[in-house]
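Spelled out from the first residue to the last, the chains are:
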Amino acid sequence: MFFVPGQRHVVVGVDGSVNSLAALRRAAAEAERRHARLDVIRVPDTTGTAAHPLRTVGQWLRLRTLAARTLRRSQHFTTRLHIAHGDPGTVLTDAARNADLLVIGARVHSEQGNPFGGDTVPRVLEKAPCEVLICADHTAA
């Protein structure tokens, strides 16, 4: 009997902020180091509106441009881009179900007084099925 290992992958959440771009750069480096696929996920804020197919296509194109500017060309072949709708914490933990690593960006300061910013990071830390790496771009502070 032969055993074929599953494909390794690293998941990163990107919303376009400087901290999420720092997370994207770190996730790309980790994926390359681990010889893993990189899954880049954007969860747009759709509160009060339904997910419209044309908006989703536009968001995917913006994510593609962002990834193309950030990643090295050699990583474009091993990168998958996703637009997902729902609660960011839940979407990211579901996407990382079989991942080796989940990378997210965190704001340095938030309105709620949470040092990680918002409620996504605590939810991901609580429910993530894999290792979690939190990044911040300290050059923007």
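Named according to an unreviewed UniProt entry, the protein is Universal stress protein family protein originating from Actinomadura rubteroloni.

*Asks:* I'm lost on the overall build of the protein in this one. Help?
*Replies:* Along the protein, the regular secondary structure elements total 4 helices and 5 strands. Each helix (α) and strand (β) of the protein, taken in turn from the N terminus, gives the series β-α-β-α-β-α-β-α-β. Burial status across the protein gives 39% buried among its 141 residues. Put simply, the protein shows about 8,700 Å² of open surface, and 55% of that area lies on carbon and sulfur atoms.

*Asks:* Sorry if this is basic, but what is going on with the confidence of the model for the protein here?
*Replies:* Regions with low pLDDT should not have their predicted coordinates read in detail. For the protein, per-residue confidence averages 85 on the pLDDT scale, and residues scoring 70 or more make up 81% of the total. The secondary structure element of the protein with the lowest average pLDDT is helix 4 (residues 120-127), at 88, and the one with the highest is strand 2 (residues 37-42), at 96.

*Asks:* Honestly, helix 3 (residues 88-95) in this entry has me stumped. Any pointers?
*Replies:* Since the α-helix packs 3.6 residues into each turn, any two residues three or four apart lie on the same face. Taken together, the buried positions of helix 3 are occupied by Gly89, Val91, Leu92 and Thr93. Those residues of helix 3 that are buried lie in contact with strand 1 (9-13), strand 2, strand 4 (101-105) and helix 4.

*Asks:* Where do I start with unusual backbone geometry in this structure?
*Replies:* Where the residue is not glycine, phi is negative for most of them; where a peptide bond is considered, it is trans in most cases. Despite not being glycine, His35 shows a phi value in the positive range, around 55 degrees. Summarising the element assignment, His35 is placed in the loop between helix 1 (18-34) and strand 2. According to the relative accessible area criterion, His35 is exposed, its value standing at 73%.

*Asks:* Hey, could you run me through the pairing of strand 1 in this one?
*Replies:* Within a regular strand, side chains alternate between the sheet's two faces. Counting buried positions along strand 1 yields 5 of 5 residues, so the element is predominantly enclosed. Both strand 1 and strand 2 contribute to a ladder of 5 bridges, which runs parallel. Note that in strand 2 the partner of Val12 across the bridge is Val40. For the segment spanning strand 1, helix 1 and strand 2, crossover handedness is right-handed. Two strands pair when backbone bridges link them, and strand 1 and strand 4 are joined in this way by 3 bridges, in the parallel orientation. Note that in strand 4 the partner of Val11 across the bridge is Leu102.

*Asks:* Got a minute to help me understand the packing of helix 1 against helix 2 (residues 53-70) in this structure?
*Replies:* Helix packing geometry: the angle between the two helix axes and the distance between the axes. Packing of helix 1 against helix 2 leaves a shortest axis separation of 10 Å and a crossing angle of 60 degrees. The pairing of helix 1 with helix 2 is recorded here as oblique in orientation. Where helix 1 crosses over helix 2, the handedness of that crossing is right-handed. Packed against helix 1, whose contacting residues are Leu21, Leu24 and Arg25, the element helix 2 presents Leu66, Ala67 and Thr70 at the interface. A class-by-class count of the residues in the contact of helix 1 with helix 2 yields 4 nonpolar, 1 polar and 1 charged.

*Asks:* What's the story with the nonpolar core in this structure? I'm lost.
*Replies:* Where a protein is soluble and globular, its nonpolar side chains tend to be buried together. In this structure, Val10, Val12, Leu24, Leu38, Val40 and Val103 are the most contacted members of the largest nonpolar core, which totals 21 residues. Residue contributions to this core peak at 6 residues, all from helix 1. In this view, Val10 contacts Ala27, Glu30, Ala31, Arg34, Ala36, Arg37, Leu38, Asp39, Leu101 and Val103; residues no more than four positions away in its chain are not counted. Among the nonpolar cores identified, the runner-up in size contains 14 residues, and Ala84, Val91, Val121 and Cys130 belong to it.

*Asks:* Is there a simple way to think about the sheet that holds strand 5 (residues 131-135) in this case?
*Replies:* Within a sheet, adjacent strands bond to each other through the backbone by hydrogen bonds, running parallel or antiparallel. Pairing within the open sheet is parallel, and its 5 strands lie in the order 3-2-1-4-5. Whereas interior strands pair on both sides, the edge strands pair on one side only; in this sheet they are strand 3 (79-83) and strand 5. The sheet shows a mean angle of 20 degrees between the axes of neighbouring strands, direction not considered. Bridging between strand 2 and strand 3 involves 5 bridges; their strand directions are parallel. By the bridge assignment for strand 3, Arg42 is matched with Ile83. Strands strand 2 and strand 3 of the sheet are contacted by helix 2, whose axis makes an angle of about 145 degrees with strand 3.

About the cut-offs
- Within any chain, residue numbers begin from 1 and follow the written order of that chain's sequence.
- Owing to the predicted nature of the model, reporting of local features is limited to residues with pLDDT of at least 70; listing and counting of side-chain atom pairs is limited to 80 or more, with chain, interface and lining totals taken over all residues.
- With hydrogens and water stripped out, all remaining heavy atoms of the structure feed into the side-chain values.
- Secondary structure elements are defined from DSSP: runs of H or I of at least 4 residues count as helices, runs of E of at least 2 residues count as strands, and each element is numbered from the N terminus.
- Throughout this description, buried means an accessible area under 20% of the type-specific maximum (1.4 Å probe, protein chains only), exposed means over 50%, and partly exposed covers the range between.
- Accessible surface is estimated by sampling points in the Shrake-Rupley manner with a 1.4 Å probe; for residues, cover comes only from the protein chains shown.
- Each residue gets a pLDDT score, which is the predictor's confidence in that residue and runs from 0 to 100.
- Every residue pair with non-hydrogen atoms within 4.5 Å of one another is taken to be in contact.
- In this analysis, strands are considered paired if DSSP registers two or more bridges between them.
- When the strands point away from the viewer and the connection leading from the first strand across the helix to the second strand turns clockwise, the crossover is called right-handed.
- To get an axis, a line is fitted to the C-alpha atoms, and for a helix only the part in contact is used. The angle between two axes follows their N-to-C directions and goes from 0 to 180 degrees.
- Here is the rule for angles: anything less than 35 degrees is roughly parallel, anything more than 145 is roughly antiparallel, 65 through 115 is roughly perpendicular, and the remaining ranges are oblique.
- Less than a right angle of anticlockwise turn of the near helix away from the far helix marks a crossing as left-handed, whereas a clockwise turn marks it as right-handed.
- Under the scheme applied, nonpolar residues are Ala, Val, Leu, Ile, Met, Phe, Trp, Tyr, Cys and Pro; charged residues are Asp, Glu, Lys and Arg; polar residues are all the others, including Gly.
- Among buried residues, the Ala, Val, Leu, Ile, Met, Phe, Trp, Tyr and Cys ones that are joined through side-chain atoms within 4.5 Å form a nonpolar core.

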